[in-house]
Amino acid sequence: MANESFPTVKTVSAPQIAFGGTQGVYCHASEATGTDMTFSVYVPPHVEGATLPVLWYLSGLTCTHANVTDKGEYRRACAEAGVIFIAPDTSPRGDDVPDDTAYDFGKGAGFYVDATEAPWAANFRMRRYIEDELPALIAAEFPMADMNRQGITGHSMGGHGALTIGLRNPDRFRSVSAFAPIVSPLNCPWGEKALGGYLGPDRHAWRAYDACALIEDGARVPELLVDQGDADQFLAEQLKPELLRAACAAAGIDLTLRMQSGYDHSYYFISTFLADHVNWHAERLKGG
């Protein structure tokens, strides 16, 4: 990693060798959020001068980069498929960043939006951070990352982020998947609280952050892969995958929705199927 274009990038901990590649954790001063932001990057083994596809993983409520980095069990699959794996944080952090006492709003719950309401608008600009600032940093600091071959996935709130970011940027992301995503924040308590708080009462403004609404409004990707546990405690009230199934069917989007028997919302579920997703993305990110 070079530090020429972004001199504020720092290594949080010494990169560790895993399956022949390197797992690193880094931080930098973010213009988008006005705070320091931390992210992890796994770079698989590769020959010098090679460029590799990139898979983004967006985490869920209460999480940081560390949850999937520590529990995700993706490194073997990434090493075998030759895929870089990037895990950002879920929100801005810091003593001066506004927060809420609830777990589903404020720090750890950025919902991958650019907030417009006070006091959140000053820092909670996760859309800009994920769509623009961090990719530019990765392109500058990790020359082996082929930014013409990007996929995106995520879990729960991060699944919502992956779906909406992928749908808004179909030319950038060749592949989009999710684990137990919040498919329609317009139609669940988590989403109504977060989008109302960050964006205000105009529900039309929320549609840019709702996968089903984006599809209804014309956004298209060729296909989606979604894994959902049928024992997930949030399935009926918050996640509602049937809404995504209906939206994709109406739009002609090829949705593979796999209901996994007995699995809940935890990293036991995610780690079981994350290698499947890495390989699914790798197939779609082949070639120049």
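Report on the accompanying structure.

Rules used throughout
Residues numbered from 1 in each chain as written. Predicted model: local features only at pLDDT ≥ 70, side-chain atom pairs only at ≥ 80, totals over all residues. Heavy atoms only, no water. Core = buried A, V, L, I, M, F, W, Y, C linked by side-chain atoms within 4.5 Å. Buried < 20%, exposed > 50% of the residue type's maximum accessible area, 1.4 Å probe, protein only. Helix = DSSP H or I, 4+ residues; strand = E, 2+ residues; numbered from the N terminus. Contact = heavy atoms within 4.5 Å. Pairing = 2+ DSSP bridges. Right-handed = clockwise from strand over helix to strand, strands pointing away. Axes fitted to C-alpha atoms, helices over the stretch in contact; angles between N-to-C directions. Arc of directions from axis to C-beta. Polar contact = N/O pair within 3.5 Å; in protein donor to acceptor, adjacent residues only side chain to side chain.

### What about the nonpolar core?
In this structure, Phe85, Ile138, Tyr198 and Leu244 are the most contacted members of the largest nonpolar core, which totals 91 residues. Ranked by residue count, the leading element in this core is helix α10 (residues 267–284), at seven residues. Ignoring any residue separated from it by four or fewer positions in sequence, one finds isoleucine 138 in contact with Phe39, Val41, Trp56, Ile86, Ala145 and Met147.

### A look at the pairing of strand β7 (residues 173–179)
Looking along a regular strand, one sees side chains alternate from face to face of the sheet. In terms of burial, β7 is a largely internal element, six of the seven residues being buried. In the sheet, strand β6 (residues 145–154) pairs with β7 via three bridges, with the strands oriented parallel. Across the sheet, the residue bridging to isoleucine 152 is valine 176, located in β7. Note on the crossover from β6 through helix α4 (residues 157–168) to β7: the handedness is right-handed. Where β7 meets strand β8 (residues 223–229), three bridges bridge the pair, whose relative direction is parallel. Within β8, the residue paired with serine 177 across the bridge is leucine 225.

### A word on the sheet that holds strand β5 (residues 84–88)
An order of β1-β2-β3-β5-β4-β6-β7-β8-β9 is seen for the nine strands of this open sheet, with the pairing classed as mixed. Edge strands, defined here as strands with exactly one partner in the open sheet, are β1 (10–18) and β9 (254–260). Averaged over all pairs of adjacent strands, the angle between strand axes in this sheet comes to 20°, irrespective of strand direction. Bridging between β1 and strand β2 (residues 21–29) involves six bridges; their strand directions are antiparallel. Pairing of serine 13 across the sheet is with valine 25, part of β2.

### Let's talk about helix α5 (residues 189–199)
For α5, the full list of buried residues reads Trp190, Gly191, Ala194, Leu195, Tyr198 and Leu199. Seen along its axis, α5 keeps its buried residues to an arc of 105°; they face one direction. On its buried face, α5 sits against α6 (203–206) and α8 (235–239). Of the residues flanking the end of α5, it is glycine 200, one or two places downstream, whose phi is positive at about 90°.

### Considerations on unusual backbone geometry
Looking along the chain, the bond that leaves alanine 118 and enters proline 119 is cis, with omega of -5°. Along the chain, proline 119 turns up in the loop between β5 and α3 (126–141). In this structure, alanine 180 is a non-glycine residue whose phi angle is positive, near 45°. Secondary-structure assignment places alanine 180 in the loop between β7 and α5.

### A word on the environment of aspartate 114
Mapped onto the elements of the fold, aspartate 114 is located in the loop between β5 and α3. Sequence separation between aspartate 114 and arginine 128 is 14 residues; the distance between their C-alpha atoms is 6.7 Å. Not counting the four nearest positions on each side in its chain, aspartate 114 is found in contact with Phe124, Arg125, Met126, Arg127, Arg128, Leu199 and Tyr209. A polar contact of 3.0 Å, which involves the side chain of aspartate 114, links it to the backbone nitrogen of arginine 128.

The values are spatial; any link to function lies outside them.
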